[in-house]
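# Summary of structural features
As a plain string of letters, each chain reads:
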Amino acid sequence: MAQHQVNFTQDGGLPVALTTIDKVVNWGRSNSLWALTYGLACCGIEMMASGASRYDFDRFGTIFRASPRQSEVMIVAGTLTKKHAEFIRRLYDQMTEPKWVISMGSCANTGGMFNTYATVQGCDRVIPVDLYLPGCAPRPETLQYAVLMLQKKIRREKAIKAQKPKRLL
Amino acid sequence: MRRYTPKDDVQAKPYYTDRYWVAPQVPKTAVSEDEIFAADLAAIKAKFEVADAYIQVEQMVVYIKPEDNYGVLELLRDELGYTQLSELSAIDWLADKGQFEVFYQMLSMGKRKRLRVKMFIDENQAVNSVEKLFRSADWSEREMFDMFGIKLNNHPFPKRILMPDDWQGWPLRKTYPLQGDEFAAWYEVDKIFGKEARDIIGPELRDPAEVNRYDTTRFARLGYEVPKGTDISGGEQKKGLELQEEGGVFMIEKFHEEKSVIIEDRHR
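Residues numbered from 1 in each chain as written. Chains lettered and ligands numbered in written order. Predicted model: local features only at pLDDT ≥ 70, side-chain atom pairs only at ≥ 80, totals over all residues. Heavy atoms only, no water.

Glancing now at unusual backbone geometry. A cis amide bond, omega -10°, links E97 of chain A with the succeeding residue P98 of chain A. Its location among the elements puts P98 of chain A in the loop between α3 (85-94) and β4 (100-104). For the bond from C136 of chain A to A137 of chain A, the omega torsion is -10°, close enough to zero to count as cis. Relative to the elements of secondary structure, A137 of chain A occurs in the loop between β5 (131-133) and α5 (140-156). At V57 of chain B, a position not held by glycine, the phi torsion is positive, near 50°. Secondary-structure assignment places V57 of chain B in the loop between β1 (50-56) and β2 (59-64). A positive phi is found at R112 of chain B, a non-glycine position, where the angle reads about 55°. Take R112 of chain B: it is sitting in the loop between β4 (99-108) and β5 (113-122). On the accessibility criterion, R112 of chain B (74% relative accessible area) is exposed. (Helix = DSSP H or I, 4+ residues; strand = E, 2+ residues; numbered from the N terminus. Buried < 20%, exposed > 50% of the residue type's maximum accessible area, 1.4 Å probe, protein only.)

This part covers helix α1 (residues 35-47) of chain B. Residues and elements named next belong to chain B. End to end, α1 covers 19 Å across 13 residues, agreeing with the expected 18 Å (1.5 Å per residue, within 8%). Those residues of α1 that fall on the buried side of the exposure criterion are F37, D40, L41 and I44. Take α1 and look down its axis: the buried residues cluster within an arc of 100°, on one side only. Facing away from the buried side of α1 by over 90 degrees, the exposed positions are E35 and A46. Near the N-terminus of α1, the side chain that reaches the backbone nitrogen of I36, with its oxygen 3.0 Å away, is that of D34. (Expected span 1.5 Å × (residues − 1). Arc of directions from axis to C-beta. Polar contact = N/O pair within 3.5 Å; in protein donor to acceptor, adjacent residues only side chain to side chain.)

All names here are of chain B. Where burial is concerned, most of β2 is hidden: six out of the six residues are buried. Burial along β2 is two-sided: the residues Q59, V61 and Y63 and M60, V62 and I64 are all buried. Of the pairings in the sheet, the one linking β1 to β2 comprises six bridges and is antiparallel in character. Across the sheet, residue V50 finds its bridge partner in β2, namely I64. If you look at the hairpin formed by β1 and β2, you'll find two residues sitting between the two strands, and V57 has a positive phi there, around 50°. Summarising the sheet, β2 and β5 pair through four bridges and their orientation is parallel. (Pairing = 2+ DSSP bridges.)

The next point concerns the nonpolar core. Counting residues in hydrophobic clusters, the biggest one holds 45 residues, and the most contacted among them are L76, Y104, M106, V117 and I150 of chain B. With five residues, the single largest contributor to this core is helix α3 (residues 137-148) of chain B. Every residue in contact with M106 of chain B, bar those within four places of it in the chain, is listed here: L73, L76, Y82, Q84, L85, S86, K113, R114, L115, V117 and F134 of chain B. By size, the runner-up hydrophobic cluster in this structure holds 20 residues, among which are F60, A77, I102 and L150 of chain A. (Core = buried A, V, L, I, M, F, W, Y, C linked by side-chain atoms within 4.5 Å. Contact = heavy atoms within 4.5 Å.)

Here we take up the packing of aromatic side chains. What describes a pair of aromatic rings is the distance from one ring centre to the other and the angle between the planes of the rings. Tallied over the entire structure, the rule returns eleven aromatic pairs over all chains. Look at Y117 of chain A and W167 of chain B: their rings are 6.4 Å apart centre to centre, the planes differ by 55°, and that puts the pair in the tilted class. Placement of Y117 of chain A in the loop between α4 (105-110) and β5 and of W167 of chain B in the loop between β7 (152-153) and α4 (182-185) is noted, with the two residues assigned to different chains. Each member of the pair, Y117 of chain A together with W167 of chain B, is buried. For the ring pair W167 of chain B and Y187 of chain B, a centre distance of 5.1 Å and an interplane angle of 55° mean the geometry is tilted. Remark: Y187 of chain B occurs in helix α5 (residues 187-192) and W167 of chain B occurs in the loop between β7 and α4; sequence separation between them is 20 residues. In this structure, W167 of chain B and Y187 of chain B share a single accessibility class: buried. In this structure, R221 of chain B is placed above the aromatic ring of Y224 of chain B, and the distance from its NZ or CZ to the ring centre is 3.8 Å. (Phe/Tyr/Trp six-rings, centres within 6.5 Å; stacked < 30°, edge-to-face > 60°. Lys NZ or Arg CZ within 6 Å of the ring centre and 35° of its normal.)

Residue and element names in this part refer to chain B. Spatially, β1-β2-β5-β4-β3 is the arrangement adopted by the five strands of the open sheet, whose pairing is mixed. Two strands lie at the open edges of the sheet, namely β1 and β3 (84-93), each paired on one side alone. On average, each strand axis in the sheet is tilted by 20° relative to the strand beside it, whichever way the strands run. Where β4 and β5 come together, ten bridges link them in antiparallel fashion. Within β5, the position partnered with F100 by the bridge is I121. Contacts from helix α2 (residues 69-78) reach β2, β4 and β5 within the one sheet, and its direction differs from that of β5 by about 175°. Across the sheet, α3 is in contact with β3 and β4; its angle to β3 comes to roughly 10°. (Axes fitted to C-alpha atoms, helices over the stretch in contact; angles between N-to-C directions.)

Whenever strands of a sheet pair, they do so through backbone hydrogen bonds, lying parallel or antiparallel. Residue and element names in this part refer to chain A. In space, the five strands of this open sheet follow the order β2-β1-β3-β4-β5, with parallel pairing throughout. The outermost strands of the open sheet, each flanked by one partner alone, are β2 (64-65) and β5. Pairing of strand β1 (residues 35-36) with strand β3 (residues 73-77) involves two bridges; the strand directions are parallel. What sits directly across from L36, in β3, is M74. Of the strands in this sheet, β2, β3 and β4 are in contact with helix α2 (residues 43-51), which crosses β3 at around 135°.

And the structure:
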């Protein structure tokens, strides 16, 4: 039997890292933010550009999924019309906990320039929003900064405590 | 000339209020000046009653009786060569005349002419559908029904096309407010959460341009973030963009700009 004298806690002893459960879980959550492809208008083009090779969302672990059941974050990219409001609510309800929402661009934040009868004046009237991203449309760098901010927010959360599901009401 | 009014607060007004100003008309000429149009008009007049006809911007405008619209468009398509219906909609003249003006914009590729058939209908009068003649009329007529509430006879699928099926009101009528009536204002709340949620969610905020940069409960300045609710009337400290927490992140290597290499020659 080998008689190694290994100090496991020492740096470089063995690939062992001591940490807390919270940090491990939040590390996993914050670095695999799979986003729902939810381009509603021109902001969707910027969101696609963020995912493509030049800006490359994959290096942050953000991969676009076409199903709400596989997504953690919903990026509301574009104008939300009143006709569509019930569908965004339905898709949000289908996402598994824990889930986050980034409201991207002026239209999703406040209704933007569409000060009319047919536009929802801010998607936070329908779903709870974690991060509002200004711009019309925000550049891909801004969306990446928003995702990094969301990662910081997730790392601050308690992972183990029974999570209270987010509800608008 | 229109009377001058200051335009400073035009953004704050809900919508343009000078709605009864009558725009100057483009000059009209007699139909007899154009041989092709004169022949077309004679062919229409032989079978149907024509209230008025003139040429405006090289296009003939013909006013017919509303019950003749199917027959006139059939005549134009089959005998006069106007094989395309490029547009169809209505104009709201309810305030002036108590009537809608329905128009059909026709195009003849052979004659290289455009012709507009117009008719006046009362508020609750139904219109004969021309969907059997032109497939393009299908959606246009549904849009006309959706926006003005004009009902259609013999339409295969008379349903709203743009607004939701359970919508109330006709949005393109002049009497419809631009920002919606009470039904429109609470539509998504009523539908998703129910009427009892109105008090909790609150009315719509209709001033999207309102940004108070000292309101730190609702706004944050990029690179100058402060904790929520801090008083920043005396100015705030520059923090710079922080992509990570101060002490680094567990198992994530921090990006060092000085260690990275910028490739100058993109064709290397």
